[in-house]
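Residues per chain, in single letters:
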Amino acid sequence: MSYNFDEIVNRYGTSSIKWDLNAPKNQAGATRPIPMMIADMDLKCPPAIIEAMRRVAERGVYGYTSHFAEPRYLAALCDWYGRRYGTVIEEDWVLYSTGSVTGINCAVNAFSSPGDGVIIMSPVYGHFRDMIENETYRRVVDSHLINTDGYYTVNWADFEEKCAQPTNRVFILCSPANPVGRVWSEEELRRMADICKRNHVTLISDEIHSDIVRSGVTHTTILKAAADHSNIIMINGVNKSFNVAGLHCANVIIPDENLRGIFKSRFGEHLPSPFSVAALIAAYDESEDWLDALNKYLDDNIDFAMDFIKERMPGVKIRRPEGTYVLWLDFSGYGLSGEEIHRRIYDNARVLLQDGLVHDLRGGECFQRICIPVPRALLEEALTRIAAQLEPIPAACAIKV
Ligand SMILES: Cc1ncc(COP(=O)(O)O)c(C=O)c1O
């Protein structure tokens, strides 16, 4: 089946955070902003999900729902992991969560105490820092990644040293890595897992972006890579992959019974809606070809963006991400301050991105993150607006007479 990802879907008036809250239509006299800061797609989700939503809506009763009451929910998830990732998941290991961040938050609370260190690897999804400091009152311990021409790798000596400190109790891994686009190799993952195990650090692997990878790249789950699962929590969901984040459907997967028991005693039981149960089943059982087509469209969007940037914004450094649908743009080549870059893009070009400092307090000043799962025409319009603010002023215009 073919899918038309070029279709522009009007999201104004849909209670969208991205379009209605952050980029409202009715700003007097101003050019309408293009919001490309939030990791949700402006692309319609798979027809099987739309049809499943219609069937649920038509029932007219939306009472309390449990995924345990629908055997296909857990079976579809386990089949998906077996089929796509060669990873065995047992149904008992799976706990429904309204979001991956909700699951991570609970795991941090369950496996550390206020004041303890929680290790992250910046640049990384900024909400981790926020949650650690402002929601769970732990300390951020940043084992900063090493940037070699836009390719980010782990600083192993530093990571090992940070894991060895007894008050650093939890490591939150972003796999694939948002915003730097790495898909960690099996070897890298095994090494991270071994270091955590040896040092009694609980490893939470946020794999919410795992279904979005470039062609030829394979995501390895932490459960496949790690020899020992006794300290491992893996989190995934259909939210990102199938563009159903508003349905709040993620899963916390904990193979170890003891670890799962501790987590559950904090987490309690979260109930899905009838829509989220139906969406997961329709996604995993009926929408695999859509996901493959989506990945192809995103590959092409990335190629388009990279060619455009190379030609029209030569001062921007960019590396093709191995996974995710975000690009991590380094504007340092223009010699402008972070503030000036922000002003030109957000205020002048009217394109809303995410400042690099959100994801990397130490080195993010001249970076911007752009989310590209949008129709190509919109991507082109956004990049054209930004490029116009960066082009050198032609000499003839610069001289005012
Ligand atoms: C790495 C990462 N984790 C978690 C989330 C949020 O996911 P959820 O809506 O399932 O909490 C995002 C959203 O952008 C993300 O990029």
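Quantities reported herein were computed from a predicted structural model and do not represent experimental measurements. (Residues numbered from 1 in each chain as written. Predicted model: local features only at pLDDT ≥ 70, side-chain atom pairs only at ≥ 80, totals over all residues. Heavy atoms only, no water.)

Engineer: Looking at this structure, I do not really get helix α7 (residues 186-198). What am I missing?
Structural biologist: Each turn of an α-helix holds 3.6 residues, which means side chains three or four residues apart point in the same direction. Spanning 13 residues, α7 covers 18 Å between terminal C-alpha atoms, matching the ideal 18 Å at 1.5 Å per step. Taken together, the buried positions of α7 are occupied by E188, L189, M192, A193, I195 and C196. Down the axis of α7, the smallest arc covering the buried residues is 160 degrees, so these residues share one side. Across from the buried face of α7, at angles greater than 90 degrees, the exposed residues are E187 and R198. Looking at the buried side of α7, the elements it contacts are α6 (156-164), β7 (168-174), β8 (202-206), α8 (222-225) and β9 (232-237). Positive phi shows up at H200, right after α7, with a value of about 60 degrees. (Helix = DSSP H or I, 4+ residues; strand = E, 2+ residues; numbered from the N terminus. Expected span 1.5 Å × (residues − 1). Buried < 20%, exposed > 50% of the residue type's maximum accessible area, 1.4 Å probe, protein only. Arc of directions from axis to C-beta. Contact = heavy atoms within 4.5 Å.)

Engineer: What am I meant to see in the pairing of strand β14 (residues 367-371) here?
Structural biologist: Regular strands show a simple pattern: their side chains alternate between the two faces of the sheet. For β14, the tally of buried residues reaches five of five residues, placing the bulk of the element in the interior. By the alternation rule, side chains of β14 split into F367, R369 and C371 and Q368 and I370, which are all buried. One ladder, built from five bridges, connects strand β11 (residues 326-330) with β14; its direction is antiparallel. Bridge assignment links L329 to a residue of β14, and that residue is Q368. As paired elements, strand β13 (residues 354-355) and β14 share two bridges and run antiparallel to each other. Each bridged residue has a counterpart across the sheet, and for D355 the counterpart in β14 is Q368. (Pairing = 2+ DSSP bridges.)

Engineer: For this particular structure, what's the right way to read the site of the ligand?
Structural biologist: For the ligand, the full set of nearby residues is A39, G99, S100, V101, Y125, C174, N178, D206, I208, H209, N239 and K240. Note that an oxygen atom of the ligand is positioned 3.1 Å from one of the backbone N or O atoms of V101. Within the complex, 88% of the 400 Å² of free accessible area of the ligand lies under protein. Of the pockets mapped on this structure, the ligand occupies the largest pocket. Among the residues making up the shell around the ligand, the classes are represented as five nonpolar, five polar and two charged. (Near = heavy atom within 4 Å. Polar contact = N/O pair within 3.5 Å; in protein donor to acceptor, adjacent residues only side chain to side chain. Areas by Shrake-Rupley, 256 points an atom, 1.4 Å probe, with all protein chains shown as cover. 1 Å grid on protein atoms, 1.4 Å probe; cavity = no way out; pocket = protein on both sides within 12 Å on 5 of 7 lines; lining within 4 Å. Sits in = over half its atoms within 2 Å of the grid points. Nonpolar A, V, L, I, M, F, W, Y, C, P; charged D, E, K, R; others polar.)

Engineer: It is not clear to me how the sheet that holds β8 should be interpreted in this structure. Could you clarify?
Structural biologist: The strands that make up a sheet are held in pairs by hydrogen bonds between backbone atoms, and each pair lies either parallel or antiparallel. Taken in spatial order, the seven strands of this open sheet run β2-β10-β9-β8-β7-β3-β4, and their pairing is mixed. The open sheet has two free edges, formed respectively by β2 (94-97) and β4 (139-142), since each of these has just one partner strand. Each strand axis lies, on average, 25 degrees off the axis of its neighbour in the sheet, ignoring direction. Direction of pairing for strand β3 (residues 117-120) relative to β4: parallel, over a ladder of four bridges. The partner of G117 across the bridge, within β4, is R139. Here α7 sits on the sheet in contact with β7, β8 and β9, set at roughly 165 degrees to β7. (Axes fitted to C-alpha atoms, helices over the stretch in contact; angles between N-to-C directions.)

Engineer: Whenever I open this one, the layout of surface pockets confuses me. Can you help?
Structural biologist: A water-sized probe rolled over the atoms picks out the places where empty space is left. Roughly 1,100 Å³ of volume is contained in the largest pocket. Residue lining of the largest pocket: 41 residues in total, with I38, A39, D40, A245 and G246 positioned closest to the centre. The element that contributes the greatest number of residues to the lining of the largest pocket is helix α4 (residues 100-111), accounting for three residues. Looking at the lining of the largest pocket residue by residue, the class counts come to 17 nonpolar, 15 polar and nine charged. Taken domain by domain, the makeup of the lining of the largest pocket includes at least three residues from each of domain 1 (17-45 + 288-390) and domain 2 (48-285). Estimated volume of the second largest pocket: approximately 250 Å³. If you go around the second largest pocket, you meet 16 residues; those closest to its centre are D149, G150, K317, I318 and R319. The leading source of residues in the lining of the second largest pocket is β11, at four residues. Of the residues belonging to the lining of the second largest pocket, the class tally is nine nonpolar, three polar and four charged. Residue-level mapping places the lining of the second largest pocket at the junction of two domains, with at least three residues from each of domain 1 (17-45 + 288-390) and domain 2 (48-285). (Points joined across faces, edges and corners; volume = space filled by probe spheres on them. Domains from an automatic or database assignment.)

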